[in-house]
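A structural walkthrough
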Amino acid sequence: MKRTRVVVVDDSATARLLLVSILRSDPELDVVGQAADGVEAVELVKKLNPDIVTMDVQMPRLDGFAATKRIMIEAPTPILITTGLDARAVSVSLEAVRMGALAVQAKPGDPRSPSFDLQAAELIRQVKAMSRVKVVRHFDMDRVTPAVPVPPTSVRSLHDGRVQVVAIAASTGGPAALHQILSALPAAFPAPVLIVQHISLGFTRGFAQWLNDASPLRVKLAEDGEPLQAGTVYVAADDRHLCVSKRRTAHLSVGPEVGGFRPSGTPFFRSVAAAYGRGALAVILTGMGRDGVDGLQAIRAAGGRTIAESEETAVVYGMPMAAVQAGLADFVLPLGEVVTTLAGLATSETRKEVTP
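What this report covers is the structure whose coordinates are included nearby. Bear in mind the structure is a predicted one, so any value in this text is a computation, not a measurement. (Residues numbered from 1 in each chain as written. Predicted model: local features only at pLDDT ≥ 70, side-chain atom pairs only at ≥ 80, totals over all residues. Heavy atoms only, no water.)

**Topic: the environment of A121**
Keep this limit in mind: What counts as a helix is a DSSP run of H or I of at least four residues, what counts as a strand is a run of E of at least two, and both are numbered from the N terminus.
Within the secondary structure, A121 is located in helix α5 (residues 116–131). For the pair A121 and P256, spaced 135 residues apart in sequence, the C-alpha to C-alpha distance is 21 Å.

Okay, here's the thing in structure tokens:
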């Protein structure tokens, strides 16, 4: 059996010892190196060529953000950010994801805690899953190409009526994709935007704030019962399904997990279809598995339209591929075209074209 080779990076000797102990408890994982800062991490990755790196963010000499950026340029390797939940750590972690890290995971806490075994098991699961992702070399990630609205005819072909809501589901690779999308949408965007993003517990509030800081739109965690307004982005809260009521208000559900997820894209899309019908535009972005695909059937049946991110830009071509294979994607677009298509909905000329 080929074991997954892991490099653990953390400036705290105690935290490193705990992480290494957890990972070595699984016979399929092999910790081949440890680093106390980002400089050591970059050199170890180039020397050892591991399958995955667990990366702390708050470190001396070179922090996790800068180390991730260098690794993704010099020796592309799957990186799982492991960090605490304070505001600065969450923000730096998400910036590291934008630079090419695959996901963020809270460090397991006190081994005496009743929840420790579950936290350790989730860390092991994430390391195994992320180690299988094929990453690509990143170049100048600081240079962002501004979105250019698509011609009205393209938007008209996307939807034969006015788009009244945009519903987006994403998993691995989603935070960076959503950052790119939301930073390009104008404050006058003519519909509410709803987001289900698979992310570790405890990170959703910081995730919403991170997106809010990058976007002209208002980005917030969805609250149960609040009316959905144009120009606002609603992010699914921790451990709650984000749904939409028939009155077009947010509904946070503690219903059973769907396919192992809560929030899940499947009840999300189904509720959007029931509330908005042909006014719904659903977007399924990068991610493992097939979460949300069954919900796209409801969007299509209600007369709404669907977009799936194409393989050329998806970090993990799982969820969008499942949508394409099921015949549920009206449009298959690289991320840049997803951005320009959504931005195009906001131009006055386009709104005139798509209004019945």
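**So, the nonpolar core**
Our working rule: For our purposes a nonpolar core is just a set of buried Ala, Val, Leu, Ile, Met, Phe, Trp, Tyr and Cys residues, chained together by side-chain atoms within 4.5 Å. Classification of residues uses two cut-offs on accessible area relative to the type maximum, computed with a 1.4 Å probe and protein chains only: under 20% is buried, over 50% is exposed, and between them is partly exposed.
Of all hydrophobic cores here, the largest spans 63 residues; its most connected members are M55, V166, I181, L182, F189 and L285. Among the elements that line this core, the one with the most residues is helix α4 (residues 87–98), at 6 residues. In this structure, V165, A250, A275 and A282 belong to the second largest nonpolar core, which totals 31 residues.

**A short note on the sheet that holds strand β14 (residues 331–333)**
Selection criterion: Pairing between two strands requires that DSSP report at least two bridges joining them. Interaxial angle, 0 to 180 degrees, is taken between N-to-C directions of lines fitted to C-alpha atoms, where a helix line uses only the stretch in contact. Pairs of residues are marked as contacts when any of their non-hydrogen atoms sit within 4.5 Å.
Here we have 7 strands laid out as an open sheet, ordered β8-β9-β7-β6-β12-β13-β14, and parallel in their pairing. The sheet is open, and its two edges are formed by β8 (218–221) and β14, each paired on a single side. Across this sheet, the average inter-strand angle for adjacent strands is 20°, counted without regard to direction. Bridge analysis of strand β6 (residues 165–170) against strand β7 (residues 193–197) gives 5 bridges, and the strand direction is parallel. Considered in β7, the bridge of I168 is made with I195. Helix α8 (residues 204–214) contacts β7, β8 and β9 (232–235) of the sheet and is inclined by roughly 175° relative to β8. Its contacts with the sheet place helix α12 (residues 335–344) against β6, β12 (280–284), β13 (305–309) and β14, and it is angled at close to 120° to β14.

**Looking at the side chain of H198**
Let me state the cut-off plainly: Under this definition, polar contacts are N or O atom pairs within 3.5 Å; protein pairs additionally need one hydrogen-donor-capable and one acceptor-capable atom, and for neighbouring residues in sequence, both atoms have to be side-chain atoms.
Its place among the elements puts H198 in the loop between β7 and α8. A polar atom in the side chain of H198 sits 2.9 Å from the side chain of D291. In contact with H198, other than residues within four places in its own chain, are A170, S171, F261, P263, D291 and M319.

**Observations concerning helix α10 (residues 293–301)**
Note the threshold: Directions drawn from the helix axis to the C-beta atoms are what define this arc.
V293, G295, L296 and I299 are the residues of α10 that are buried. Axial view of α10: buried residues confined to an arc of 140°, hence all on one face. In this fold, the buried residues of α10 make contact with α9 (265–276), β12, β13 and α11 (319–325). G303 lies just past α10 and shows a positive phi near 95°.

What is shown is where atoms sit, not what they do.
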